[in-house]
Amino acid sequence: MNDLIALAFTAFLVQNIILNQFLGICSFLGVSNKRSSAIGMGLAVFFVIVLSSTVTWTIYWKMLYPYGLTFMRTIVFILVVAAMVQILEMAIKKFAPPLYSALGVYLPLITTNCTVLGVAILNIQNEFTFSEMLVFSAFTSLGYTAIIITFSYIREQMHKAPIPAGFKGIPAGLIAAAIMSLLFKGFVGLI
Amino acid sequence: MAIKKKRITPKQNILKGLFKENPTFVLVLGMCPTLGVTTSLDNALGMGLSVLVVLILTNSLISLIRNIVPAEIRIPVYIVVIALVVTLIEWFLEAYVNGLYNSLGIYLPLIVVNCIILGRAEAYASDNTIYDSLFDAIGMGLGFTLGLSTLAFVRELFGTGGIQLLGIQLFDSTNAAGFLITPTGAFVTLGLLIGIINTVRIDKQNKAKAIMDEKIRVALAKKKAKQEALAQAKLVPEVA
């Protein structure tokens, strides 16, 4: 149990997926401009990561590994992610229309979000057990959601700041992200 | 596509990828490997060249099948083609360049979801000939390599005091700004580089605009002078 808590903290804070591993930077810079879209994207990514990690982990250890097909990993995983996103989109549209109108736009973008495939591959590379995999996926994606939402607040404030024309937008965002990742270094001593 | 009608030469196509539409500094695509692997110049070159090879293969293949694939399922088809090529590159590197394979780590399979590759497939290869797509891929791949190596050069030089690949050591590593090698350094360096490039570009545009304005002003002044002269010429006979 202690191991799982430590793993959760590591995934959430110490090895934060955006600030430390650089996965999902494209979407991080793309949608953190507005608070509402950051929240939508963050929640959609959370759902997709937990679902697709469970499916890819099961496929890898129950099908690919026993039959010596591990070399197919990348192709199978990206197909699973694309299919998951499609199914999730259809399911939400059918059963939860209000949720669909909130998350709908972000779902297709998630297929090419490196976080999803990255977490699926990290689960395999670290040889996690099923419960470790669940904790790792959930807290990594929560880390992503937390950062992207916090950052959207910062960027909304930055619109008011007098920034030189050349540094407006992405450069200023990157520098703010640098300061944030410096803050997150403080969590290293936690574990 | 606006560029479809106007044919551009292979040389212009490559230069476009290198400078005008540089994927790292201008389009800001493929940020994950850009920040992740640029701790040293050799990693950056390895990553850049891998993406170059993948891009050349996927762009040509997708351009080849662009008329067969139905429009509704084109994105999944493209992703499968890209995943196939990336898997092949992965095997090749694992077998022959194992050091690079290990240092690129997770970023190597993640080339599959690199926005540059799917972006070029969708925006260029899906409605251009194989010949044009090939040069587009070379330009974009080289542009990405250039972006990565610039970033890595700055980070490694100031972060460790020298470049291992070139065998130079400018100053002792104890005096270097070690934080440039950490994730924080990656964000700062990239932010500053893009900012500086943008500033230079805006400056250039303003200068070009100032020159243009000056030309227009001179031309207008000339026109006005001419009209006045004409009016004068008309006035004189009337008085007489």
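Please refer to the structure higher up on the page.
Residues numbered from 1 in each chain as written. Chains lettered and ligands numbered in written order. Predicted model: local features only at pLDDT ≥ 70, side-chain atom pairs only at ≥ 80, totals over all residues. Heavy atoms only, no water.

**Some remarks on the overall build of chain B**
For chain B, the count of helices and strands is eight helices and two strands. For chain B, the sequential pattern of α-helices and β-strands runs α-α-α-α-α-α-α-β-β-α. Its C-alpha atoms give chain B a radius of gyration of 25 Å, more than 25% over the compact-globule value 18 Å for 240 residues. Principal axes of the C-alpha set define a box for chain B whose edges measure 100 × 60 × 25 Å. (Helix = DSSP H or I, 4+ residues; strand = E, 2+ residues; numbered from the N terminus. Rg over C-alpha atoms; globule rule 2.2 N^0.38 Å.)

**Remarks on the packing of helix α3 (residues 41–64) of chain B against helix α7 (residues 130–160) of chain B**
Residue and element names in this part refer to chain B. Viewed as axis vectors pointing N to C, α3 and α7 meet at an angle of 165 degrees, and their least axial separation amounts to 8 Å. Between α3 and α7, the interaxial angle falls into the category roughly antiparallel. In the crossing of α3 with α7, the sense of the turn from one axis to the other is right-handed. Grouping the amino acids of the contact of α3 with α7 by side-chain chemistry returns 20 nonpolar, eight polar and two charged. (Axes fitted to C-alpha atoms, helices over the stretch in contact; angles between N-to-C directions. Parallel < 35°, antiparallel > 145°, perpendicular 65-115°, else oblique. Left-handed = near helix turned anticlockwise from the far one by under 90°. Nonpolar A, V, L, I, M, F, W, Y, C, P; charged D, E, K, R; others polar.)

**So, helix α1 (residues 10–20) of chain B**
Listing the buried residues of α1 of chain B in full gives Asn13, Ile14, Lys16, Gly17 and Leu18 of chain B. On its buried side, α1 of chain B packs onto α6 (115–123) and α7 of chain B. (Buried < 20%, exposed > 50% of the residue type's maximum accessible area, 1.4 Å probe, protein only. Contact = heavy atoms within 4.5 Å.)

**Brief notes about empty space enclosed by the protein**
Counted by the stated rule, this structure contains one cavity of 30 Å³ or more. Taken as a whole, the largest cavity holds about 70 Å³ of empty space. What lines the largest cavity is a set of 13 residues, and nearest its centre among them are Cys114 of chain A together with Cys32, Pro33, Leu110 and Asn114 of chain B. (1 Å grid on protein atoms, 1.4 Å probe; cavity = no way out; pocket = protein on both sides within 12 Å on 5 of 7 lines; lining within 4 Å. Points joined across faces, edges and corners; volume = space filled by probe spheres on them.)

**Topic: the interface of chain B and chain A**
Each side of the interface is counted separately: chain B has 36 residues, and chain A has 36 residues. For the pair chain B and chain A, the summed buried surface comes to about 3000 Å²; carbon and sulfur atoms form 81% of the total. Linking chain B with chain A are one salt bridge, by the criterion used here. Along the contact surface separating chain B from chain A lie four residue pairs in polar contact (both at pLDDT 80 or more). Secondary-structure elements contributing two or more residues to the side of chain B that touches chain A are α2 (31–36), α4 (74–96), α6 and α8 (183–239) of chain B. (Buried area = accessible area lost by both parts, 1.4 Å probe. Salt bridge = Lys/Arg side-chain N within 4 Å of Asp/Glu carboxyl O. Polar contact = N/O pair within 3.5 Å; in protein donor to acceptor, adjacent residues only side chain to side chain.)

**Notes on the layout of surface pockets**
Quantified by volume, the largest pocket comes out at close to 750 Å³. Contributing to the lining of the largest pocket are 29 residues, with Pro108, Leu109, Thr111 and Thr112 of chain A together with Leu118 of chain B lying nearest its centre. Looking at the lining of the largest pocket, the elements with two or more residues in it are α2 (25–31), α4 (73–95) and α6 (107–110) of chain A together with α4 and α6 of chain B. In terms of residues, the lining of the largest pocket owes the most to one element, α4 of chain A, which gives six residues. Across the lining of the largest pocket, the residue classes break down as 20 nonpolar, seven polar and two charged.

**Side note on unusual backbone geometry**
Phi at Glu127 of chain A takes a positive value of approximately 50 degrees, unusual for a residue other than glycine. Within the fold, Glu127 of chain A resides in the loop between α7 (114–125) and α8 (130–158). With phi around 50 degrees, Val28 of chain B is a residue other than glycine that occupies positive phi space.

**Looking at the environment of Gly147 of chain B**
All names here are of chain B. Turning to its location among the elements, Gly147 is positioned in helix α7. The exposure class of Gly147 is buried, given its relative accessible area of 0%. Separated by 27 residues in sequence, Gly147 and Thr174 place their C-alpha atoms 27 Å apart. In contact with Gly147, other than residues within four places in its own chain, are Thr24 and Phe25.

**Side note on helix α9 (residues 170–184) of chain A**
Here α9 of chain A is 15 residues long and its end C-alpha atoms lie 21 Å apart, about the 21 Å a rise of 1.5 Å per residue gives. Residues of α9 of chain A that are buried: Pro171, Ala172, Gly173, Leu174, Ala176, Ala177, Ala178, Met180, Ser181 and Phe184 of chain A. (Expected span 1.5 Å × (residues − 1).)

**Things to note about the pattern of salt bridges**
Tallying each qualifying case throughout the model produces six salt bridges over all chains. Close ionic contact of Arg73 of chain A with Glu90 of chain B constitutes a salt bridge, the shortest N to O distance being 3.8 Å. Remark: Glu90 of chain B occurs in helix α4 and Arg73 of chain A occurs in helix α4; the pair is interchain, linking two chains. When the shortest N-O distance is used, the salt bridge between Glu122 of chain B and Arg74 of chain B registers 2.7 Å. Placement of the pair is Glu122 of chain B in helix α6 and Arg74 of chain B in helix α4, with a sequence separation of 48 residues. The partly exposed category is assigned to Arg74 of chain B, whose relative accessible area is 27%. Salt bridges linked by common partners bring Lys16, Arg120 and Asp136 of chain B together as one network.

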